[in-house]
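# Structural overview for review
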Amino acid sequence: MSALDLETQGLHKNFGALIVASNIDFRLEHGARHALIGPNGAGKTTFVNLVTGALRPSAGRILLGGQDITHQPQAARVKRGLVRTYQINALFRRLSVLENVTLAISERDGIAGDFFRPAGHYRAAIAEAYALLESLGLADEALRPVNELAYGRQRLTEIAVSLGLKPKVLLLDEPAAGVPSGETGAVIDMIERLPADIALLIIEHDMDLVFRLATRITVLVQGSVLVEGPPNEIAANEQVRQVYLGEQVYLGERAHA
């Protein structure tokens, strides 16, 4: 059995009588390329908020690398290697690409409070940030303010910032959301080139992206896991077809493309 980087056991959340996550058992293996899909209101964002610590579960456990992190705050989870990108771009837009990535590295190393001082001890963080941007093909834009970049390049910068935190598990929250169709290829290419030892959980509505990137898919419906399996099984599953109604043929075509 493969090692698990992330696991939830009976993860449950309710607000009074309203159940938004119902006893979710989920396993993310080391180096996985796993997608989480479901119709609007399925509970995908709630699940991610529970895993990352933005919401407290009503019951159940969350394990990262076998260690129980259920009651740890968000910052502690990030320090342990659980990192999330956001579907709404959340960069420091007036800072440069390099500064954004350097800030993430400085936060990881505990020197972020000294970042704006004219000191040399964060020089290593700048060098690491630039090397990361070079490896991702973003070095030419390192000194450009984020707000001058095309939106697709901003999403790439967001992924670079996430990598600066050295994640073991990276949750990609709709990485292509809002990106013009002409720029989505660059986002997909970067995701495909991410280090193989990082476990990826991709939360996405774009089925093209899901079937291109994921080797395993979990389908959430009304806060519960409907089914989980490889893409071809998910596309052929009658329950999934019913959930997506008119998208049956679409799902099948993507799985066999």
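Nothing here was measured: the structure is a model prediction, and the numbers come from that model.

How each quantity is defined
- Residues numbered from 1 in each chain as written.
- Predicted model: local features only at pLDDT ≥ 70, side-chain atom pairs only at ≥ 80, totals over all residues.
- Heavy atoms only, no water.
- Phe/Tyr/Trp six-rings, centres within 6.5 Å; stacked < 30°, edge-to-face > 60°.
- Helix = DSSP H or I, 4+ residues; strand = E, 2+ residues; numbered from the N terminus.
- 1 Å grid on protein atoms, 1.4 Å probe; cavity = no way out; pocket = protein on both sides within 12 Å on 5 of 7 lines; lining within 4 Å.
- Points joined across faces, edges and corners; volume = space filled by probe spheres on them.
- Pairing = 2+ DSSP bridges.
- Contact = heavy atoms within 4.5 Å.
- Axes fitted to C-alpha atoms, helices over the stretch in contact; angles between N-to-C directions.
- Salt bridge = Lys/Arg side-chain N within 4 Å of Asp/Glu carboxyl O.
- Buried < 20%, exposed > 50% of the residue type's maximum accessible area, 1.4 Å probe, protein only.
- Core = buried A, V, L, I, M, F, W, Y, C linked by side-chain atoms within 4.5 Å.

### A closer look at the packing of aromatic side chains
The full count for this structure, using the stated rule, is one aromatic pair. A centroid spacing of 5.4 Å and a plane angle of 70° characterise the contact between Phe26 and Phe47, whose relative ring orientation is edge-to-face. Within this pair, whereas Phe26 is found in strand β2 (residues 18-29), its partner Phe47 is found in helix α1 (residues 44-52), the two being separated by 21 residues in sequence.

### Some details on the layout of surface pockets
Over the atoms, a rolled probe matching the size of one water molecule traces out where space is still vacant. Approximately 700 Å³ is the volume attributed to the largest pocket. For the largest pocket, the lining is made up of 27 residues, of which Val78, Val83, Arg84, Val161 and Leu165 are closest to its centre. The set of elements that each furnish at least two residues to the lining of the largest pocket consists of α2 (74-79), β6 (82-84), α3 (97-108) and α5 (151-164). Considering only enclosed or pocket space, the second largest pocket measures out at about 290 Å³ in volume.

### Description of the sheet that holds strand β5 (residues 67-68)
Here four strands make up an open sheet; going across it, the order is β2-β1-β4-β5 and the pairing antiparallel. Looking at which strands have only one partner, the edges of the open sheet turn out to be β2 and β5. For strand β1 (residues 4-15) and β2, the ladder comprises eight bridges, and the chain directions are antiparallel. Paired with Asn14 across the two strands is Ile19, which belongs to β2. Those strands touched by α1 are β1, β2 and β4 (59-64), and its axis lies near 115° from that of β1.

### Considerations on the pattern of salt bridges
Using the criterion set out here, one finds twelve salt bridges in the structure. Note that Arg61 is salt-bridged to Asp68, the shortest N-O span being 3.1 Å. The partly exposed category is assigned to Asp68, whose relative accessible area is 37%. Where Arg153 meets Glu141, a salt bridge forms, and the shortest distance between an N and an O atom there is 3.0 Å. Of the two residues, Arg153 sits in helix α5 while Glu141 sits in the loop between α4 (123-135) and α5, which places them twelve residues apart along the sequence.

### Structural notes on the nonpolar core
Membership of the largest hydrophobic core comes to 36 residues, with the highest contact counts inside it found for Val101, Leu133, Leu163, Leu170 and Ile191. The set of elements that each furnish at least two residues to this core consists of α3, α4, α5, β7 (169-173), α6 (181-192), β8 (199-203) and α7 (207-213). Core analysis: the second largest hydrophobic core is formed by 23 residues, Phe26, Leu28, Val48 and Leu201 among them.

### What about the environment of Gly31?
Residue position: Gly31 is located in the loop between β2 and β3 (33-37). Gly31 sits 168 residues away from Ala199 along the chain, and the two C-alpha atoms are 4.1 Å apart. Aside from chain neighbours lying at most four places away, what touches Gly31 is Asp5, Ala196, Asp197, Ile198 and Ala199.

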